[in-house]
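# Inside the fold
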Amino acid sequence: MKTALITGITGQDGSYLAELLLAKGYTVHGVVRHASSLIANTSRLDAVYQDPHESGRRLFLHKGDVTDAGLLVNLIRDIVPDEIYNLAAQSHVRVSFDLPDYTANVTALGAIRLLEAVRASRIDAKIYQASTSEMFGTTAPPQDEGAPFHPRSPYGVAKLYAHWATVNYRESYGMFAVNGIAFNHESPRRGETFVTRKVTRAVARIAAGLEKKVYLGNLDAVRDWGYAPEYTEAMWLMLQHREPVDYVVATGRAATVREFAEAAFAHAGLDWRDHVEHDDRYERPAEVPELVGNAAKIEREIGWKARVHWDELARIMVDADRKALREGP
Ligand code: NDP
Ligand code: GDR
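Below, the structure is looked at part by part. (Residues numbered from 1 in each chain as written. Chains lettered and ligands numbered in written order. Predicted model: local features only at pLDDT ≥ 70, side-chain atom pairs only at ≥ 80, totals over all residues. Heavy atoms only, no water.)

This part is about the site of ligand 2. Surrounding ligand 2, one finds 23 residues, the nearest of these being S91, T132, Y155, R284 and E287. Backbone polar atom of T193 to a nitrogen atom of ligand 2: 2.9 Å apart, as the coordinates give it. Contact between ligand 2 and E287: an oxygen atom at 2.6 Å from a side-chain N or O atom of the residue. Burial of ligand 2 by the protein amounts to 96% of the accessible area it has alone, namely 700 Å². (Near = heavy atom within 4 Å. Polar contact = N/O pair within 3.5 Å; in protein donor to acceptor, adjacent residues only side chain to side chain. Areas by Shrake-Rupley, 256 points an atom, 1.4 Å probe, with all protein chains shown as cover.)

Rendered as structure tokens:
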């Protein structure tokens, strides 16, 4: 059976991907960052976590960081993975304006460290790089694989570096290294400061009488929101394809932040206008106005197609946040 290494395994996508690969019989290794206050930040992995003393386990977590080149070489040499998924990133766009240097170090240089570690280990692993629709920035929708890049944040710029580094290692060394240019994807495991989860958590708390308001930034931004577990399936499919090819991964349908909020509040019988207030703090120095992906190529060539669209996603996330509030995490 195959062995996979996932950086960013504790994140939204990393946790779903680990579940998917374990269900397929893989042995899964994940890189977990050091945290001062916890043994490990693994709450999203609760469903699949195995005690290190259990025999026959297939999930192995390693302390590590993509800013440590030597560690990556040692890990890859020891594990000899068949597939590597580079999901580690400082992934918050607003935060990247406050931490541009840090974001570049993790999100851009982390990718080239990993590519170089694979080369240094002289192994034949397939590599998935988590590229993003943020690289399109101001380019008008619909965006496909041929659309020009014009990133609008330190995060977008860092991801563009990682994207081209992946293409370059493929072209220079013949590596099976691919970019999934993923549009926004969400789930009940989405980080609480991304707009969808911020809204659905607020809906749950407001419906329970715990809060009255939620403060948001730009309500006019348009996003193509899909369902994260489907996107991790696309990542896996891309590494099973006979050739290394970059693909846009998107639903093709989009909504404004306002429309998402309206649908989420309505699902709990609330009117968003009674509860959403504006706060400048959540505006960005430069905004990406409209992302709507054209994922025809991945559907045609490897048969992946989004099933859940933004309105159903809003309902899934509101239901999950209300249930978590009632029952505890
Ligand atoms: P998250 O922010 O939920 O997860 C990021 C992961 O990276 C976490 O496990 C985090 O660890 C880890 N990480 C952060 N810094 C480091 C570091 N220095 N060394 C090692 N690990 C680190 O992101 P998502 O799961 O949503 O996204 C996964 C990837 O896909 C990211 O690269 C993101 O940029 C990209 N992407 C996401 C999209 C989306 O809509 N979700 C769309 C397009 C691309 P910790 O838990 O300790 O913070
Ligand atoms: P994004 O996601 O920047 O698209 O990046 P986010 O949910 O942060 O913002 C989406 C849009 O909503 C607007 N917005 C707000 N955003 C946040 N976070 N908080 C608010 O209060 C708020 N109010 C309005 C934003 O301005 C923006 O237009 C996500 C990340 O997962 C990236 O890592 C990934 O690459 C891209 O999606 C595709």
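Next comes the rest of the description.
Looking at helix α2 (residues 69–79), one finds that the buried residues are L72, L75, I76 and I79. End-on view of α2: buried residues confined to an arc of 95 degrees, all on one side of the axis. Put simply, D68 is the residue that caps the front of α2, since its side-chain oxygen is 3.4 Å from the backbone nitrogen of G70. Directly beyond the C-terminal end of α2, a positive phi value near 50 degrees is found at V80. (Buried < 20%, exposed > 50% of the residue type's maximum accessible area, 1.4 Å probe, protein only. Helix = DSSP H or I, 4+ residues; strand = E, 2+ residues; numbered from the N terminus. Arc of directions from axis to C-beta.)

Another point: helix α8 (residues 257–267). Along an α-helix, residues three or four apart share an orientation, since each turn contains 3.6 residues. Where α8 is concerned, the buried positions are V257, F260, A261, A264 and F265. End-on, the buried residues of α8 take up no more than an arc of 125 degrees, which puts them together on one face. In this fold, the buried residues of α8 make contact with α6 (195–207), β8 (214–216), β12 (255–256), β13 (276–278) and α10 (310–327). A positive backbone phi angle near 75 degrees is found at G269, which sits one or two residues after α8. (Contact = heavy atoms within 4.5 Å.)

Moving on, we come to the site of ligand 1. Of all residues adjacent to ligand 1, which total 24 residues, the nearest are T10, N41, D65, S91 and Y155. At 3.0 Å, a backbone N or O of V66 approaches a nitrogen atom of ligand 1. Within the complex, 90% of the 910 Å² of free accessible area of ligand 1 lies under protein. Elements represented by at least two residues in the shell around ligand 1 include exactly α1 (12–23), β5 (126–132) and α5 (154–173). Of the residues forming the shell around ligand 1, the biggest block, three residues, is contributed by β5. Partitioned by chemical class, the residues of the shell around ligand 1 number nine nonpolar, 10 polar and five charged. (Nonpolar A, V, L, I, M, F, W, Y, C, P; charged D, E, K, R; others polar.)

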